[in-house]
Amino acid sequence: MDLQSLNHQNILSRLGFTQFNEIQETTIKESAEKENILLLAPTGSGKTVAFLMSAIDKLKEVEGVQVLILAPTRELVLQIESVLKKMQLNVKTNACYGGHPFSVERRNFSVQPTFLIGTPGRIKDHIVRNTFNSRSITHVIFDEFDKSLEFGFGEEMSFIVSKLPKANNKMLVSATNTIEIPSFLSFRNHTIIDFGGESIPDITLQKIVLNDGEKIDGLLQFVNGLGNNQNAIIFCNHREACNQIADKFNEEGIIYSLYHGALEQDQRESELAKFRNSSSKLLISTDIAARGIDVPELDFVVHYQVPKDESAFIHRNGRTARMKATGTGILIFTKREKSPDYMPADIQPFKFIKGNTISDPGFITLHINKGKKDKVNKIDIVGFLLQFDFLDKADVGLIEVKDFFSYVAVNRNKYAQLISQSGNAKIKKKSVKIAVAT
């Protein structure tokens, strides 16, 4: 283990920060002295860095899994993994979740990781099948513990805890302090770090009120008023409404990403990649995107259907106003729809920008059939792309390297030429196939 990679200042530099925020400093200090901690923190507060630092400071020069992080959704697992990658700790990390091939995950344990992140069901499967030694784990973190209980993962978490005899350091991360802590955690004499739990983000709310039958047309008018560099997540309560909006956008030739639980995992990852890399400016989603995805610099959260639950409303808004920034929430009502009791009464009307038509994004996402298992990294992909004389650095956007493939954003005006001329090109002497990500 490279101890220099664990240095606080080095980690801050890699994350692009100059100092830890208050919640991170407090969590680091308290976890150094206490074993059982309940961290109450709102979305966008920097809690992921906070609980990761609490574990990093307790790492030992020993083999085997030391830190287990349980999260209720695969999206949250991947988000935590991405933060760890940005930290560049020079220690192995495994991520395990449903929809990811179990055989691949099993092979990833051929060298035991230091950090293991996973959903409760998948981690239980690995313990039952003895793919790793759980007895070496000393630190266990339950991220969004309230949501894990809500999703019915109590039995799986109880089984996992029973297989962690050396896990004396436990941290529960929750958005609410109203949860009842189960007895199986043995969470005695715990310390509470309270940073407000589910506080409303610093977000400006505006409303659009329409006649019956005009709701989707009102959404379309809002979308067409977006600036060239603005983006939005459009939230619905049900996947059927998401699909209806997608159908309308298809009719209008509007580029978008679609994200809900009925999609296969590969498609969900592809849709999120397009939104993150600005190949699409619009993400249509159910509340599955209200937790566990991190999209920086989000301009608008649109509540096409306003949730009945205030907690869902807060988490949706938390996708913008990240890390004390500001954002805008748009509420779309028809005149017959009643505003929920939790909604502020003094919401100002949104002023439409008329006569605009949303433009196509400047990038498009391509799928390359080589990834980490092929020993391919981002630098390799950049080098591969820049061998073509019609491409330069400005034509290449965000690159995401997965196990067996990669996503890369490229200039929308040049992708067809790239696909056409890449037939005989290679990455690390390996033939590649490039196609538009679907």
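Residues numbered from 1 in each chain as written. Predicted model: local features only at pLDDT ≥ 70, side-chain atom pairs only at ≥ 80, totals over all residues. Heavy atoms only, no water.

With respect to the sheet that holds strand E3 (residues 93-96)
Adjacent strands of a sheet pair through backbone hydrogen bonds, lying either parallel or antiparallel. Overall, parallel pairing links the seven strands, which are arranged E3-E4-E2-E5-E6-E1-E7 in an open sheet. Two strands close off the open sheet at either side, each with one partner strand: E3 and strand E7 (191-194). Geometrically, the sheet is characterised by an average inter-axis angle of 15 degrees between neighbouring strands, direction not taken into account. As judged from the five bridges shared by strand E1 (residues 36-40) and strand E6 (residues 169-174), these two strands associate in the parallel manner. Counterpart to Leu-39 in the pairing with E6 is Val-173. Contacting E1, strand E2 (67-70), strand E4 (115-118), strand E5 (139-142) and E6, helix H3 (residues 47-56) crosses the sheet at an angle of about 170 degrees to E5. (Pairing = 2+ DSSP bridges. Helix = DSSP H or I, 4+ residues; strand = E, 2+ residues; numbered from the N terminus. Axes fitted to C-alpha atoms, helices over the stretch in contact; angles between N-to-C directions. Contact = heavy atoms within 4.5 Å.)

Concerning the pairing of E1
Burial analysis of E1 places five of its five residues in the buried class, the great majority of the element. Neither face of E1 is left uncovered, since the one carrying Asn-36, Leu-38 and Leu-40 and the one carrying Ile-37 and Leu-39 both have all their residues buried. Pairing between E1 and E7: four bridges, direction parallel. Opposite Leu-38, over in E7, you have Ile-192 as the bridge partner. (Buried < 20%, exposed > 50% of the residue type's maximum accessible area, 1.4 Å probe, protein only.)

Remarks on the environment of Ile-314
Among the secondary structure elements, Ile-314 is positioned in helix H12 (residues 310-317). Taking the C-alpha atoms as reference, Ile-314 lies 8.9 Å from Pro-42; in sequence the two are 272 residues apart.

Describing the sheet that holds strand E16 (residues 396-401)
In space, the four strands of this open sheet follow the order E16-E17-E15-E20, with antiparallel pairing throughout. Every interior strand has two partners, whereas the edge strands, E16 and strand E20 (434-436), have only one. Here the strands of the sheet are splayed against their neighbours by 25 degrees on average, with no regard to which way each runs. Of the pairings in the sheet, the one linking strand E15 (residues 363-368) to strand E17 (residues 406-411) comprises six bridges and is antiparallel in character. Each residue of the ladder has a partner; that of Leu-366, found in E17, is Val-408. The strands that helix H11 (residues 265-276) touches are E15, E16 and E17; relative to E17, the one it contacts most, it runs at about 35 degrees.

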